[in-house]
Amino acid sequence: MPAKENPPWLFGILSMAYGGVNAITTLLIPFLLRQRGVPVNQIANVVAVAFLPAAWYFLWSPVVDLGMLRRHWILLAAIVSGLACAAAIAWPPASLAALTVLLFAANAVSMLLSSACGAVLTAIHPAVRGTASGWYQAGSLGGGALGGGATIWLAGFIGPKTLAALCAALVVLPALAALRLYEEPAHGLKAGALFRALARDLWEVLKARRTWAGLAFFLSPVGANALTNLVSSIGPDYRASAGQVAAVSGVLGGLVSAAGCLAGGWICDRMSRMKAYTLAGLVSAAFAAWMALGSKTPLTYFGGYTGYSLGTGFAYAAFTALVLEVLGKRPHAAGAAYSLLGSSGNMPIAYMTSVDGLAYRRGGVKGLMTADGLANAVGAAILLTFAGYAARRWLPEDRAAEPIHEQQGDLKTPGA
């Protein structure tokens, strides 16, 4: 690897900042609101609105391709989102509306962390795209789980202002690793020429057959693993205690997912990344089948979801690796292009959460796990066939548009 390449592990540290905002929004804030006596349905509304930027951040992500270096965007986004999270925690008398606005702002700005990190990731050497993707997702999942668990525990011992300061640090401190990032010198284009270059670069991504092939994976239910959003609610179906539910859906689940990210990233550098994507779906399907067919006991719940969490981490790493594979190295619109494809991956999570909920209403927990498992298994089988077709029909002009080392990393990397 060239001396001036960014090491894959660096992205694991950077993504902890983004994971910190997620943990504050989904773990700490609901915990604090529940302590204040806010009804669960109102808490759910706050969190749902706060997460709207995750589906739409591609609309403002192009700003990371303009002006400042990406490392500066990472630092700025971390500081602003960290302060917004701190304000939400340190302001107990705030109305739910004001709290929602603060969390919405924190998440909207934190998405620029994802955009800027993704832009830098596109420049990493093709042979380690999978490893870097695994670190990136592991930092977000594992760091967020640890940070969320730690802040919930500390909330019982310290005041809101001290807790707010710690939460700001949880977001800002990992972002300081951006100072270690290597970036190629800016092109120095004037405004008009820069906007034309951005538009041309983005259009090349949108018209490429490889992009549409990638979207077949990104929009599929494979790897969506929406059970993650519902796992805490089905614990009683397996007679799991409150402590067991908290462990499997909290810090332990996050750490197991992070381990799956690292393992999945390693695998993605040693086989076709499209095939790795389908393999991740099959891992999740296998453990969903275990939970559907096994006896309704805490062991089935704990063991099944632990394996499912490994599959989730694998799927997340494969998703990011395939996004990088599809994009290649973008000279201008790296942040915008990464965000456009990255946001597409949130759609299956949303619709599969609804499908899983409907399946539970029709067939209980067995129906839910059957629907989730079949979506992963059948979808993976279809995508595996499609992956072979895509490998044969990959546009020659797409491959010729990239340097030789990029071509070697497209569908199969050295060591496959």
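Residues numbered from 1 in each chain as written. Predicted model: local features only at pLDDT ≥ 70, side-chain atom pairs only at ≥ 80, totals over all residues. Heavy atoms only, no water.

Asks: Hey, could you run me through the overall build of the chain in this one?
Replies: Per the secondary structure count, the chain includes 17 helices and 0 strands. In the chain, buried positions account for 52% of the 416 residues. Look at the contacts in the chain between residues 6 or more apart in sequence, and 85% of them connect residues 24 or more apart. (Helix = DSSP H or I, 4+ residues; strand = E, 2+ residues; numbered from the N terminus. Buried < 20%, exposed > 50% of the residue type's maximum accessible area, 1.4 Å probe, protein only. Contact = heavy atoms within 4.5 Å.)

Asks: Looking at this structure, I do not really get the pattern of salt bridges. What am I missing?
Replies: Pairing is possible between side chains of opposite charge, provided their charged atoms come close. Applying the stated criterion across every chain yields a total of 4 salt bridges. Residue R273 pairs with D269 through a salt bridge whose shortest N-O separation is 2.8 Å. Here R273 matches D269 in class, with each residue buried. When the shortest N-O distance is used, the salt bridge between E325 and R273 registers 2.5 Å. Of this pair, E325 sits in helix 13 (residues 298-327) while R273 sits in helix 12 (residues 273-293), and the two are 52 residues apart along the sequence. One exposure class covers both E325 and R273, and it is buried. If you follow the salt bridges from partner to partner, you end up with D269, R273 and E325 in one network. (Salt bridge = Lys/Arg side-chain N within 4 Å of Asp/Glu carboxyl O.)

Asks: What exactly am I supposed to notice about the packing of aromatic side chains here?
Replies: Aromatic ring pairs are reported here in terms of the distance separating the ring centres and the angle at which the planes meet. Scanning the model with the defined rule gives 8 aromatic pairs in all. For the ring pair F217 and Y277, a centre distance of 5.4 Å and an interplane angle of 75 degrees mean the geometry is edge-to-face. With F217 in helix 9 (residues 209-218) and Y277 in helix 12, this residue pair connects regions lying 60 residues apart in the sequence. As far as the burial class goes, F217 and Y277 line up, both buried. Note on Y305 and Y308: the rings are 5.9 Å apart at their centroids and 20 degrees apart in plane angle, and the pair reads as stacked. Within this pair, Y305 and its partner Y308 are both found in helix 13, separated by 3 residues, close to a single helical turn. (Phe/Tyr/Trp six-rings, centres within 6.5 Å; stacked < 30°, edge-to-face > 60°.)

Asks: Explain the packing of helix 10 (residues 242-249) against helix 11 (residues 251-268) here, please?
Replies: Angle between the axes and distance between the axes: these two values describe a pair of packed helices. The contact between helix 10 and helix 11 brings their axes to 3 Å, and the two run at 30 degrees. As judged from the angle between their axes, helix 10 and helix 11 are roughly parallel. Residues A246, A247 and V248 of helix 10 pack against V251, L252 and G253 of helix 11. Within the contact of helix 10 with helix 11, the residues separate by chemical class into 5 nonpolar, 1 polar and no charged. (Axes fitted to C-alpha atoms, helices over the stretch in contact; angles between N-to-C directions. Parallel < 35°, antiparallel > 145°, perpendicular 65-115°, else oblique. Nonpolar A, V, L, I, M, F, W, Y, C, P; charged D, E, K, R; others polar.)

Asks: Is there a simple way to think about helix 13 in this case?
Replies: Count 3.6 residues to each turn of an α-helix, and residues three or four apart come out pointing the same way. The first and last C-alpha atoms of helix 13 sit 43 Å apart over 30 residues, in line with the 44 Å expected at 1.5 Å per residue. Phi for G328, located one or two positions after helix 13, is positive at around 65 degrees. (Expected span 1.5 Å × (residues − 1).)

Asks: How should I be thinking about helix 9 in this particular structure?
Replies: With 7 of 10 residues buried, helix 9 is to be regarded as a mostly interior element. Three or more residues of helix 9 are buried, namely R210, T211, A213, G214, L215, F217 and F218.

Asks: Would you mind showing me how to read a nonpolar patch on the surface here?
Replies: The grouping of V49, L52, W56, L59 and F104 at the surface amounts to a nonpolar patch, some 480 Å² of accessible area in total. Among the structural elements, L52 can be located in the loop between helix 2 (40-50) and helix 3 (53-56). Given a relative accessible area of 44%, L52 falls into the partly exposed group. (Patch = residues over 30% accessible without salt bridge, like charges linked within 9 Å, V, L, I, M, F, W, Y side chains within 5 Å. Areas by Shrake-Rupley, 256 points an atom, 1.4 Å probe, with all protein chains shown as cover.)

Asks: Is there a simple way to think about the nonpolar core in this case?
Replies: In terms of nonpolar packing, the biggest core is built from 81 residues, with F11, L14, I74, I89 and F218 touching the most fellow members. The residues touching L14, leaving out its near neighbours within four places in the chain, are I74, C117, P174, A175, A177, A178 and L181. In this structure, V231, A240, A292 and Y308 belong to the second largest nonpolar core, which totals 17 residues. (Core = buried A, V, L, I, M, F, W, Y, C linked by side-chain atoms within 4.5 Å.)

Asks: What's the story with the side chain of S344 in this structure? I'm lost.
Replies: Tracing the chain through its elements places S344 in helix 14 (residues 334-344). Looking at S344, its side chain comes within polar contact range of the main-chain oxygen of L341, at 2.5 Å. The residues contacting S344, other than those within four sequence positions of it, are L215, F218 and L219. (Polar contact = N/O pair within 3.5 Å; in protein donor to acceptor, adjacent residues only side chain to side chain.)

Asks: Would you explain the side chain of S110 in this entry?
Replies: Mapped onto the elements, S110 comes out in helix 5 (residues 96-121). A residue is classified by how much of its surface remains accessible, and S110, at 0% relative accessible area, is buried. There is a polar contact of 3.0 Å between the side chain of S110 and the backbone oxygen of N107. Setting aside residues up to four positions removed in sequence, S110 forms contacts with Y18, V21 and S81.

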